Amino acid sequence: MAFLSKINFKKNKEEVLRKIKEKHVIFRLFQLLLSLLISSFLFNLFLFQFDIVTGGVNGIAVIVNKIYPLDPSIIIFITSFFLLVASFFYLGMEASIGAIFATFVYPILVKITSFFTANIVLEPNDLLLVSIYIGIIGGIANGLMYKSGYSNGGLPIISQILYKKLRIATSKSSFFINGFIVLIGGFLISWTNALYAFTILYINSFMIERMVIGVSKKKAFYIITEEEKKIEEYILTKLNHGVTVIPIEKCFLKRPGKMLLTVVPTKDFSRLKKEIKKIDKNSFFLVCDAYQSKGGK
C-alpha cells in the first residue's frame, strides 16, 4: 500500500507540474499576443501614417509600400515568412518554433487593426512628440515580448544566423541592419523622418531595458577597506541598513581581507560614498544598481 501511495503521489505531482507549466505557457503566449497587438496598432497609427522607417519588417513594409502600393500586412508576412524559412535552415527547428506564432499572427493583426485606425488621422505638426510616443509604446510592446521569452521573428533572425555562423555579436549586427534600413528610408522618403527614427530607436531601447529589468531604486556597495569596523558601524547605526562581511583574498598583497556588502536606497548613496572616503581615503568600493533585493534589513 505504501508503494502504491508513492506511485500515486508521484503521478499527482507530475500532473500538477504539467498544469502549472501549461498555465505558464498560456500566460507567456498572452504576453506575446498583447505585444504583437500593441505593435500592430503602433504601426498603423503612427509609423505607416507618418512614413517613419524604424528598421525591422515594419520599416521594410513602409519602404516597399512607397515604391509599390502593396498592402503592408502582405509585405510583412512575405518578409517574415522567408526569414522564418531561413531560420529553419540555419538555426534549426527548436530555435525557430518561437517565431512561428509571430510570423503568422502579426500580419493578421496589422490587417485587422488597419480597419480601426483608418479613420484616425493625426496631424504631423510635432513629429518629435509623435516619435517620443512611438519610442515609449514600442518599448513597452518589445519589453512584453522579451519577458514572454518568445521571439517575434523578423529581422532578428538574420542577427542570430550571423552570430551562429560568423560569431558577429547580435547587438552589433542588429544595429547595422536596422540602421541600414533607416538610411534607405531616409534616402527614399525623408531624411527628417530618418532622424526621428533614430530618436525612436534610442527611446525604444531605453524602455525595453526598463520593462525587462525594472527601475533601480537601490545601490549595492562592495567595499574593501582597512577600516571595516568603522564603516560597518556607520551603516548599521547611522543609515540603519544591514551589512554582510565577506572573506576575500587580496591577490596583489597576497593576504586575506574582508569585503563589506550593503544595499542602500538611492537617497543614501551620496551620504555613504562621502562617509567611506572620510573614514578611509584609500578604500576601494564598487557601486552597482540593485534592481531586486529581498530579505535582510
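What counts and how
Residues numbered from 1 in each chain as written. Predicted model: local features only at pLDDT ≥ 70, side-chain atom pairs only at ≥ 80, totals over all residues. Heavy atoms only, no water. Helix = DSSP H or I, 4+ residues; strand = E, 2+ residues; numbered from the N terminus. Rg over C-alpha atoms; globule rule 2.2 N^0.38 Å. Buried < 20%, exposed > 50% of the residue type's maximum accessible area, 1.4 Å probe, protein only. Contact = heavy atoms within 4.5 Å. Areas by Shrake-Rupley, 256 points an atom, 1.4 Å probe, with all protein chains shown as cover. Lys, Arg positive; Asp, Glu negative; His and termini not counted. Charge placed at Lys NZ, Arg CZ, Asp CG, Glu CD. Salt bridge = Lys/Arg side-chain N within 4 Å of Asp/Glu carboxyl O. pLDDT = per-residue confidence, 0-100. Phe/Tyr/Trp six-rings, centres within 6.5 Å; stacked < 30°, edge-to-face > 60°. Axes fitted to C-alpha atoms, helices over the stretch in contact; angles between N-to-C directions. Parallel < 35°, antiparallel > 145°, perpendicular 65-115°, else oblique. Left-handed = near helix turned anticlockwise from the far one by under 90°. Nonpolar A, V, L, I, M, F, W, Y, C, P; charged D, E, K, R; others polar. Arc of directions from axis to C-beta.

1. As for the overall build of the protein
Of the regular secondary structure elements, the protein holds ten helices and four strands. N-terminal to C-terminal, the α/β element order of the protein is α-α-α-α-α-α-α-α-β-α-β-β-α-β. A globule of 297 residues ought to have a C-alpha radius of gyration of about 19 Å, yet the protein, at 26 Å, is considerably larger. Its C-alpha atoms give the protein principal-axis dimensions of about 75 × 70 × 40 Å. The buried share of the protein, taken over its 297 residues, is 37%. Of all intrachain contacts in the protein linking residues separated by at least 6 positions in sequence, the fraction that spans at least 24 positions is 72%. As displayed, the protein has an accessible area near 18500 Å², and 66% of this comes from carbon and sulfur atoms. A distance of 5 Å separates the average location of the 36 positive side-chain charges in the protein from that of its 19 negative side-chain charges.

2. A word on the pattern of salt bridges
This structure, assessed with the given rule, holds seven salt bridges. As a salt-bridge pair, K66 and D51 come within 3.0 Å of each other at their nearest N and O atoms. Highlighted residues: K66 in helix α2 (residues 56-67) and D51 in the loop between α1 (2-50) and α2, separated in sequence by 15 residues. Owing to a relative accessible area of 48%, K66 belongs among the partly exposed residues under this scheme. A salt bridge links E226 to R255; the shortest N-O distance between them is 3.2 Å. Of this pair, E226 sits in the loop between β1 (218-224) and α9 (228-238) while R255 sits in strand β3 (residues 255-265), and the two are 29 residues apart along the sequence.

3. Quick notes on the confidence of the model for the protein
Mean pLDDT over the protein works out to 84, with 91% of the residues at or above the 70 mark. Across residues 1-11, where pLDDT falls below 50, the model places zero contacts with residues more than four positions away in sequence or in other chains.

4. Section: the packing of aromatic side chains
Going through the model one piece at a time under the given rule, you end up with nine aromatic pairs. Ring centres of F221 and F269 lie 5.9 Å apart, and the angle between their planes is 40°; on these two criteria the pair is classed as tilted. On the criterion of sequence distance, the pair formed by F221 in strand β1 and F269 in helix α10 (residues 269-279) is long-range, its members being 48 residues apart. The exposure class assigned to F221 is buried, which follows from its relative accessible area of 0%. Pairwise contacts between aromatic rings join F77, F81, F82 and F104 into one cluster.

5. Observations concerning the environment of V245
Along the chain, V245 falls in strand β2 (residues 244-250). When the C-alpha atoms of V245 and G135 are compared, they prove to be 43 Å apart, with 110 residues separating the residues in sequence. In this structure, V245 is in contact with E232, K258, M259 and L260, ignoring residues within four places of it in sequence.

6. Examining the packing of helix α7 (residues 170-188) against helix α8 (residues 191-213)
Contact geometry for α7 and α8: axes closest at 7 Å, N-to-C directions at 155°. One element, α7, and the other, α8, form an angle in the roughly antiparallel class. Like other packed secondary-structure pairs, α7 and α8 cross with a definite hand, here right-handed. For the pair α7 and α8, contact is made by G179, V182, L183, G186 and F187 and by W191, A194, A197, F198 and L201, respectively. When the residues that make up the contact of α7 with α8 are grouped by side-chain class, the tally is eight nonpolar, two polar and no charged.

7. Describing α10
Taken as a whole, α10 has its buried residues at L272, E275 and I276. Down the axis of α10, the buried side of the element spans an arc of 105°, and every buried residue falls inside it. The exposed set on the far side of α10, more than 90 degrees from its buried face, consists of K274 and K278. Looking at the buried side of α10, the elements it contacts are β1, α9, β3 and β4 (284-290).

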